[in-house]
Structure formats: C-alpha cells, structure tokens
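Okay, here's what each chain looks like letter by letter:
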Amino acid sequence: MNMSENIQPQGTAPAPSYVSPNWAPAAKDAVGTALGTSRLWFTVAQGIVTEVYFPRPDIPQLKDMGFIVADGAGFWVELRRMGNYTVTWQEEAIPAITITHRHARFTFALRICADPERDVLLIDFALEGEAALQLYVLAAPRIGEDATCNQAWVGEWEGRPLLWAEQGPFGLALAAVDREGRPALLQRSVGLVGASDGWQDFHNNGCMSWHYAEAGPGEVSLTAQLPHAGTLALGLSSSREAAATLALQSLAAGFETRWTAYCRTWQRWLDNIHWPSELETLLKAETRVLLRRSAAVIKIHEDRTFPGAFVASLSVPWGEASNSRGGYHLVWARDLVETAGALVALGCLSDAQRVLIYLIATQQANGHWLQNQWLGGKPFWQGIQLDETAFPVLLASMLAERDALGEVRVGDMVRRALCFLAREGPVTCQDRWEEDAGINTFTVAVAIAALVEGSRFLHGREAECALMLADAWNARLEDWTWAADTTLSRLLGVPGYYMRSAPRDVLIHEGAKLEHLLVKNRAHDLGLAADEQLAIDCLQLARFGLRAVDDPAMAASIAAIDTLLKTDTPNGPVWHRYNGDGYGEHPDGAPFDGWGRGRGWPLLSGERGHISLLAGEDVQPYLQAMTQMTGKGGLLPEQVWDSEAIPERRLYPGHPSGSAMPLVWAHAEFIKLALSLAAGAPVDRPARTWARYGGVRPQLDYALWQPRQRVQQLVVGQALRLLLSEPALVHWGKNGWQNPMDVATEDWGLGYVAHLPTADLAAGERVDFTLYWPSRDAWQGEDFQIVVIAGATP
C-alpha cells in the first residue's frame, strides 16, 4: 500500500534533550569515491552507509544512512544492529560496494557507488523475503560546520517527493525510484535525533507512526518507507534545490549506467599500475587482493579541490564516542609522504608529484610544516614535529631519482626546510606519535636522511653544510639515545637498546637520560625514566641505512623490541609503539577517551617486516599477518585488539579495534613491504643516504658544536667546528685562555661555520672560547670549555 497517499506529514518535530556524537563508528568496512568530476566520498560500516563527505573529504555532510525492516505487527529490526552481513568490492579492488544482510525472514542487498559526473551517492536496494515485510530508510544529515543547526523538510521538487535538509552553504536531497522509475519515497517524516527521529518512532511504537513535515534547527533525521526494490539518490550541493536536481538527474540516468561508468574509471586507474611479475609467485592470493585494494584505498583519500592532499583516514578513531571536529580527516605531512612513497613505488609518479606540489604550497614561512591541517592549509593542532619538516625533502629527492620532478622547482622549499632542521634539530617538539619532545630515533633518522638527500639540490658550501650536519648527528646517535645496563635491559636480557626518546638536555649532559619522560594518554603517569622506555622507532635507523641490522646496538634493540613490544595473536604477530602506551581502548574494551591502553598496530608489523627483509629473513609472516588483520571489508585498521575477546563489544584478538579504519599509512606500508620483497630491499630507502653510510656509523675528524648541541669533549686529532644561526666572531684560546685568537664565521648557507685548528692538541688539554655577535654588538656573556681526550670518538 502506498501510505504516502493516505498520510500527509505535518507539524514540527519535537526537540531532543541531548546531543549525539558527531561520528559513526571508526572501523569502516569500505570507502569510496568516483574518479570523475564528482566531489563526494562515502564510507560503509556495520552494513550501512556511514559518513558521506562533500565537497572535500574533510567536510562530512551525512552521519549515516541505514535501514529498518518491519512487518507492521510488532516485528522490526535495524540492519546495522544485526551484524550478519557480507561486504564485497567489485573485482576485489574497485570501491563499488555490495552489502548483503541475511535474516531468518529476509535477505536485503545493497549496491553503493557515487555518480562519476555528479555529487550524488547512489544506492540500489532489494528486499527479498516475506510479503508482509516493509522497508524503511533512516538518514542523519550533518550539514555544514555546526551539525546542531540543520533544518529538514518533507517536500517536493517539480512534482517528485523528496526529503530535504539544509544549512548554508550546503543542501541535501534524498530521492528514490522503484524498478519502473516511479517516485518511491512512500511514507515520509523528518525529526530531531533522540526525540522524533525514525528510530525513536519504531522504538516507541513498533512502526512508522510519526509524520512530521519539518524539523530543526538541530540534529535532524530523515525517514521514509521504500518499496522492496529500487534506487536511492542522495544529492549534495550549494542548496537543497540544486541537490534535488542532481539527485533526480542521476536517477533518470539509471543505476546500472552509473555503476558501470564508476567501475570503468576505477578499472582504468588500476590498470595503469604495473605490478612486479614476481608477486604472482611470491604472494598468496589474498595478499595480492589486499595489495590492489590498498592502492585503491590510497587513491580514494585524495582531495579534488586541493590535488595531492590525502587525508589520513575517512574515519574518526572511536567515532561513536567522539565529538572531535577533526578526527583523521586531516593532512599530516608525515602520513602524506609515507603515502606518496607507496605511490612512487607503484609507478604512480604524477600522483606523487601532486603531493609534492601541495606540500610546497603549504610550507610555513620559517620552513616547517604544520603538525596537521585542514585540506586548505588551515592549522588544526599546533605542535611541531621535526620529521614532518624532513619528509617532504625525501619526497623531492625520491622523484628526482626517477627524473619525475618535471617543472616543479624544489630548491627554495628544500633550502627553507633544511635551514629549519639545522636551527631546531636534532631535538623535536613532538615525536611521530605527537607526544614527547626530545631526540627520537625515528625523527632524527628522517632528519639525517633529509639533510643528505636535500644536499643534491644545494650547491657549494651550502651542500657541504647539510652533509656535515647529517654526519655529525649520525655519529652521535648512540651518545644521545643508547641506554645501557638499565633495569629494563637486564630484564630483557640485552646489554642495552635505543631509547624511545632522550630528553633535550642530553645534548648537554648524558645524565639527562635518567630524567623522567612523560607517558601520555594514561590515567596515571607511569613515572618511568627516559632510559627505561623502549619504542619500535629505532628500526628506521636500519631501514634508512644509518645502522646495519647486525650492528650490535641495533641487534640488541631488535631483540628487546621483539621481547617487550610484540604480541602474538591468532592472526599473526603485531607490535606496540612503546612500553606503557595508553592510546587504545580501556582494559574493559570501552572506547579511548583521553586515556586507555595502547594496542598492536598492523602498520608496525610492516615496519618490522622491512627489518626482517634487510636481515635476509622471511617477510611472508608479516604480510600474511597484516592481511589477516583486516576488517570485514578488507581494510587495514590503525590498531587490533590484542587481549582476551570481549564479544559484547565486538573485540576479538587479532581483529580491528575501535580505532581508525582504514589507516592510509598502514595501507601504504603494506604496499611498500610487498614491493620491497619483490625488489629485495626497502623501496623507500633514501638512495644517497644509503650510499653514504651503508649502515656504518661515521667516524669524523671533527666535532661539531652548536648552541643547542654543546659537545664536551674532543678526541685527539679532531678539529672543532662551530655551526651558528648568525654571523659571529669566535674568541678562543687553549688551557685557560692561553694564546687567545679570533676566528670569524663563514656563511655556509644553512648557517655560519667557524673552524678552530685543534687537531694538534694532546689528551688532557682544553679549548676555551666565547662568542661575539656583531649584529647585536654584544658578547655571549658565557665561556665554554671542551676537553681533549684519547680514545674512541665520544
């Protein structure tokens, strides 16, 4: 029966007494977008459409669109709560999604895609089962910047029934047709979430009994009865009328036509990727499927308005409990370059070049990049992470190695980035996990590589300065970050390990390693000293060729990492970020809410796999583990659950937790590990860095002093160099200011360098110096001493 002929919506829907979370669950089953002119992105979770984004992947316009099946006699079920569904991608890697729900009384199938030519989401639906069953759609718009100010209406456009929602400057329209092309929104109502929405109607009355004509301003919802089969179109535009026109155009074109066009554009893009032929024999079939799907996942996350900008994920960690505006719909320079590295490895050089162009456009005046930002470049969080300044330089060099820069001029970008590294490094304000300041092995490895790789774009003394700084930092890594004979090392049965992060004062005195280092995201700080904390971050030293995997310090650290940070799950091994990590669900499975317990990251299984590759070990267990840790739709999560199962929270060991899914960085890491297996070496290793160091700690005939990095000792035979941020006069003498003399600094591009001829000093002698600053016409007001010693480089 066409109920819309008998019940006319009227009145304004009652308001709720609470505000719901902004987001749907973080763990997605699928993500998608068209590769045509459409500017619409969608996600799938719990067997329904969750967020829909327009006109950029950082602007959500719909929280979710689900379905209820009811018989009008008291039985009703919301499909997202059933959990008995399958998700398939077309041809395994094309993000045209089919969902099939199965119930004892019915089967319900959905096919979901975006119209390649319009900003319209299309959903073909079919309900099969008992004749008495009826189908209803429930949609929750989240339009504009403030979801609590939306308005919704039941209406018509050119004689076709619609459901509308709007908040300037965006409008949304929902329309439907049956298999004969006739309008198919039957009973219709709008409401406010938590009070008068469709779910509340069924919960209170067991059927659709409310028929409100308008709702809002507030968090609005849309409800309509549907026929057993047909097509829904969700249009988005600058007004509700424009959105309605787009939705009706897509319906008029026909679902099959739009589905075929959508799949064809994706197939063309995938066909342009030339996979190494060895992968057919090296990888299992399910791993090859994830490999192709991972390429699509990366491509889906690129914006249209700002080409080359890839958001970290079309999800919000623990979204069902979050009201964060940003989530992971943001750009991190680190994640972006890690993603671009996978694109380069795939041969998608024009895609990677767009990333570099976007990074050049968003570099800050002083040379660094923001901690993270909206797609248009507006800052979100305010921290500074040194590796995010270094990574874009690595991308420029990676493209230059392949003669793929084209007309992109990178010299100014590289110079400003390296000047920032020289001024601020090797200390970072935040590590890559956006937590502690200090010297972090991952961060400094990326910074050293950037100095080496970036030198190719510099000339003369400027290039020499970059290489000098890289060598000096590399030579002192163990001085700063090696912890020996600690309580933890004795417990783990190793002589020592690279610390998670060394406090910044370690540049001045080694005792800083004993200082407290905060473990964030914990209800109560663990109170651990820096040298009692171990992270997986030091693996980057081997991956980038700064240390060999069989170097004693690296080998001991790897053994410690595998003992302390590895967890074996039914789906394979997974690694934690560091001991005491609090970023994850609570022990009872409750969502992370500022504190919790860190879980295993499949991404880190990929990082560990690269180290096994360098050691000549089997990489397959790591690829297989990552493959098995995907969700129902074959996406890689940020974290997996690694404790006892909690079925009521759908948490099972080795399976996705409530963290972000997909994590684009994890998919990029999976691609790189698979291609590294075929290549026999890490495909993203910086070529010049690897050639310069070859895994060996450099032995230098000089020591480098900086105001923030004050060496205390010289080895007999070493010269002393000073690197300063502005011109200075170095007034120096020996052994209590004997034979004082002055040396002026020289401009080396990235800083000002002075050479003190100290190589002829004997053990036990001392260098005394101070600084005069001409620009300020002032002395430093402080004297410095360096002692000459015999033996190995300190």
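Residues numbered from 1 in each chain as written. Predicted model: local features only at pLDDT ≥ 70, side-chain atom pairs only at ≥ 80, totals over all residues. Heavy atoms only, no water.

Visitor: I keep staring at empty space enclosed by the protein and nothing clicks. Help me out?
Guide: The tally for this structure, following the rule as stated, stands at three cavities of 30 Å³ or more. When its volume is computed, the largest cavity comes out at roughly 80 Å³. What lines the largest cavity is Val337, Glu338, Gly341, Phe391, Leu394, Met398, Gln540, Phe544, Lys672 and Asp684. Residues that form the lining of the largest cavity fall into these classes: five nonpolar, two polar and three charged. Considering the residues around the second largest cavity, the lining is formed by Ile384, Gln385, Leu386, Phe420, Glu424, Val427, Thr428, Cys429 and Arg708. Taken together, the residues of the lining of the second largest cavity break down into five nonpolar, two polar and two charged. (1 Å grid on protein atoms, 1.4 Å probe; cavity = no way out; pocket = protein on both sides within 12 Å on 5 of 7 lines; lining within 4 Å. Points joined across faces, edges and corners; volume = space filled by probe spheres on them. Nonpolar A, V, L, I, M, F, W, Y, C, P; charged D, E, K, R; others polar.)

Visitor: Sorry, what's going on with helix α9 (residues 411-424) here?
Guide: Owing to its 3.6 residues per turn, the α-helix aligns residues three or four sequence positions apart on the same side. Taking 1.5 Å per residue, 14 residues should reach 20 Å; α9 reaches 20 Å between its end C-alpha atoms and fits that length. Among the residues of α9, those classed as buried are Met413, Val414, Ala417, Leu418, Cys419, Phe420, Leu421 and Ala422. (Helix = DSSP H or I, 4+ residues; strand = E, 2+ residues; numbered from the N terminus. Expected span 1.5 Å × (residues − 1). Buried < 20%, exposed > 50% of the residue type's maximum accessible area, 1.4 Å probe, protein only.)

Visitor: What should I look at first to understand the pattern of salt bridges in this one?
Guide: For side chains of opposite charge, pairing can occur when their charged atoms come near one another. Summed over all chains, the structure comprises 54 salt bridges. Glu78 is the partner of Arg81 in a salt bridge, and the nearest nitrogen-oxygen pair spans 2.4 Å. Using a relative accessible area of 55% as the deciding quantity, one classes Arg81 as exposed. Taking relative accessible area as the criterion, Glu78 reaches 12% and is therefore assigned buried. A salt bridge links Asp768 to Arg766, with the nearest nitrogen and oxygen atoms 2.8 Å apart. (Salt bridge = Lys/Arg side-chain N within 4 Å of Asp/Glu carboxyl O.)

Visitor: How do you make sense of unusual backbone geometry when you look at a structure like this?
Guide: Most peptide bonds take the trans form, and the phi angle of most residues other than glycine is negative. A cis geometry characterises the amide bond from Phe54 onward to Pro55, with omega recorded as -5°. One can find Pro55 in the loop between β3 (48-53) and β4 (60-70). With omega at 5°, the peptide bond leading from Met661 into Pro662 counts as cis. Tracing the chain through its elements places Pro662 in the loop between α17 (620-628) and α18 (664-679). The phi dihedral of Asp777 falls on the positive side, at around 50°, and the residue is not glycine. Structurally, the position occupied by Asp777 is in the loop between β31 (766-773) and β32 (778-779).

Visitor: What is the right way to look at the nonpolar core in this model?
Guide: Soluble, globular proteins show a tendency: their nonpolar side chains are buried together. Within the largest apolar cluster, 243 residues are counted, with the highest numbers of intra-cluster contacts made by Met65, Ile112, Leu232 and Leu418. Take this core: its biggest share by element is 11 residues, from α18. With residues up to four places along the chain from it excluded, the contact list for Met65 reads Ile48, Val49, Thr50, Ile123, Val137, Leu138, Ala139, Leu174, Leu232 and Leu234. If you look at the next biggest cluster of nonpolar residues, it comprises 21 residues, including Leu761, Val767, Phe769 and Phe784. (Core = buried A, V, L, I, M, F, W, Y, C linked by side-chain atoms within 4.5 Å. Contact = heavy atoms within 4.5 Å.)

Visitor: Would you mind going over the sheet that holds strand β30 (residues 752-756) with me for this structure?
Guide: By definition, the strands of a sheet pair up through backbone hydrogen bonds, in either a parallel or an antiparallel sense. Reading across the sheet, the four strands line up as β24-β26-β30-β29 and stay open at both edges, with mixed pairing between neighbours. Looking along the sheet, the strands with just one partner apiece sit at the ends: β24 (702-705) and β29 (746-747). Where strand β26 (residues 719-724) lies against β30, five bridges are found, and the strand directions are antiparallel. Bridged to Leu723 within β30 is Val753. Strands in contact with helix α11 (residues 460-475) are β24, β26, β29 and β30; relative to β24, the strand with the most contacts, it is inclined by about 95°. (Pairing = 2+ DSSP bridges. Axes fitted to C-alpha atoms, helices over the stretch in contact; angles between N-to-C directions.)

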